[in-house]
Amino acid sequence: MHDLNFFRNNLDAVARRLGDRGFELDMDQFRELDAQRRAAVTEAEQLKAQRNADSQKIAQLRKDGQDTEALQAEVRAIGERVKALDARVAEVDEQFQGLLKGIPNVPHESVPAGRTADDNVEIKRWGEPRQFDFEPKAHWDLGPELGILNFEQAAKVTRARFAVYYGLGARLERALINFMLDIHTREHGYTEVLPPFLINSDSMYGTGQLPKFAEDSFKIEGEDLWLAPTAEVPVTNLYRADTLNGDDLPISYCAYTPCFRSEAGSYGRDVRGIIRQHQFQKVELVKFTRPEQSYDELEKLTGNAEHILELLGLPYRRVLLCTGDTGFSSAKTYDLEVWLPGQNGYKEISSCSNFEAFQARRAQIRVKSGKGKSEFAHTLNGSGLAVGRTWVAIVENYQQKDGSVVVPEVLRPYVGVEVIRGRAAGSL
């Protein structure tokens, strides 16, 4: 959600910046609604002042024993007009809120202008892609051959874009979750949270999933409950309608959840394998900050996610998203893209975003400074990391010529083996 006064005072500049991300702000509608509201408020205030003056006059006339019936009738008429004007202001405010709900966040000044992913800017690279002396396989071939991944059975149980993990494949997934939580809590200073996986519409609205992205989520029939699309939603809403103490910020949480997405707008993209599933696991990083510290915290949060990739020895790059590729609620986003040799390219494994006050305004999350004043907090989040895609990256980057997969050294205490070999125990 946006600051209405900021829009009023900077409408042309805001419209230009939103245009950079492909959104056309209807400035005529905005100005017309604003003019109607201002006119109604001004008239109402003038009439209220007149009513107060007349009421005082009536009191004095009564004290002097004079007839006040005519003046009282005027005051009643003024009251009815004020009531109508207040209703008009409320109506225009509702129209304003409806307009603002559909407007994406204004990109930060450091975000490059652009319309598609081709306009994103690479910031850094870490690690060199491995040179294989054989043709590396994609995970959708290697996983089934090892007996640790099965798509047909998942489709039988549910439908396409689900997967069943077996044996060491399931253990690797679980190992990654525990490894990420351990690193983020022990080394990066996050507090672990296990939130509900079902969330209400107010929470979905607070982080920006509703109303715009309803079709991308799964709703429970007959209930005001949604399956969590990401831990960002329940964790951010833990402080909905609360005022935080500025001295306690930043607050840093990490949370494991399964995530559920209908992927309504992504048909035809990443249809093979487990890159884009209806159900997947993530370890999410969420921060609540004061406005002046949020961009420093964005760099820290992104670095925390990168640290996981570096510990796992997975080559990656950091990309700054352009205006047209930045998500609806975000003011600035870095994507981390991991190298996948089976697909001969980089694939997103984490998005780290600063939403500034956009989510906090929708969710009414405030922070109180030492001077006693309150303002909207800034919220941030990022995948730290998407577990399924990390699973893919390990299987593809650490595959061997004989079809086995070497387990990264830091994961061996969690997985219990050094190498995943064909038809792992417990698989079909």
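Going by the structure above, here's the rest.
Residues numbered from 1 in each chain as written. Predicted model: local features only at pLDDT ≥ 70, side-chain atom pairs only at ≥ 80, totals over all residues. Heavy atoms only, no water.

**What to know about the overall build of the protein**
Helix and strand counts for the protein come out as 13 helices and 17 strands. Viewed in the frame of its principal axes, the protein has a C-alpha envelope of about 105 × 45 × 40 Å. Counting only residues that meet the buried cut, the protein has 51% of its 428 residues in that class. Sequence separation of 24 or more characterises 74% of the internal contacts of the protein that already satisfy a separation of 6 or more. Looking at charge distribution, the protein has the averaged site of its 54 positive side-chain charges lying 1 Å from that of its 63 negative ones. (Helix = DSSP H or I, 4+ residues; strand = E, 2+ residues; numbered from the N terminus. Buried < 20%, exposed > 50% of the residue type's maximum accessible area, 1.4 Å probe, protein only. Contact = heavy atoms within 4.5 Å. Lys, Arg positive; Asp, Glu negative; His and termini not counted. Charge placed at Lys NZ, Arg CZ, Asp CG, Glu CD.)

**Looking at a negative patch on the surface**
On the surface, Asp118, Asp119, Asp325 and Glu348 cluster together to form a negatively charged patch. Tracing the backbone through its elements, the reader meets Glu348 in strand S12 (residues 345-354). (Patch = residues over 30% accessible without salt bridge, like charges linked within 9 Å, V, L, I, M, F, W, Y side chains within 5 Å. Areas by Shrake-Rupley, 256 points an atom, 1.4 Å probe, with all protein chains shown as cover. Salt bridge = Lys/Arg side-chain N within 4 Å of Asp/Glu carboxyl O.)

**What about the sheet that holds strand S14 (residues 374-376)?**
If you trace the 3 strands from one edge of the open sheet to the other, you get S7-S13-S14, paired in mixed fashion. The two strands at the open ends of the sheet, each matched to only one other strand, are strand S7 (243-245) and S14. Along the sheet, successive strands turn relative to each other by an average axial angle of 35°, direction set aside. Taken together, the 3 bridges between S7 and strand S13 (residues 366-368) define a ladder with parallel strand orientation. In the strand pairing of S13, Asn245 is matched with Lys368. (Pairing = 2+ DSSP bridges. Axes fitted to C-alpha atoms, helices over the stretch in contact; angles between N-to-C directions.)

**Here's the deal with the packing of helix H2 (residues 11-20) against helix H3 (residues 27-63)**
Interaxial distance between H2 and H3 falls to 11 Å at its minimum, and their mutual angle equals 150°. Judged on the interaxial angle alone, H3 and H2 are roughly antiparallel. Crossing hand, H2 versus H3: right-handed. Facing H2, whose interface residues are Leu11, Asp12 and Ala15, H3 presents Met27, Phe30 and Arg31. Class assignment for the residues of the contact of H2 with H3 results in 4 nonpolar, no polar and 2 charged. (Parallel < 35°, antiparallel > 145°, perpendicular 65-115°, else oblique. Left-handed = near helix turned anticlockwise from the far one by under 90°. Nonpolar A, V, L, I, M, F, W, Y, C, P; charged D, E, K, R; others polar.)

**A closer look at the pairing of S12**
Counted residue by residue, S12 has 7 buried out of 10 residues, so it is predominantly covered. The pairing of strand S11 (residues 332-340) with S12 spans 9 bridges and is antiparallel. In the sheet register, Thr333 faces S12, and the bridge partner there is Ser353. In this antiparallel pair of consecutive strands, S11 and S12, the connection spans 4 residues, and Asn344 shows a positive phi of 50°. Summarising the sheet, S12 and strand S15 (residues 378-386) pair through 3 bridges and their orientation is antiparallel. By the bridge assignment for S15, Cys352 is matched with Gly382.

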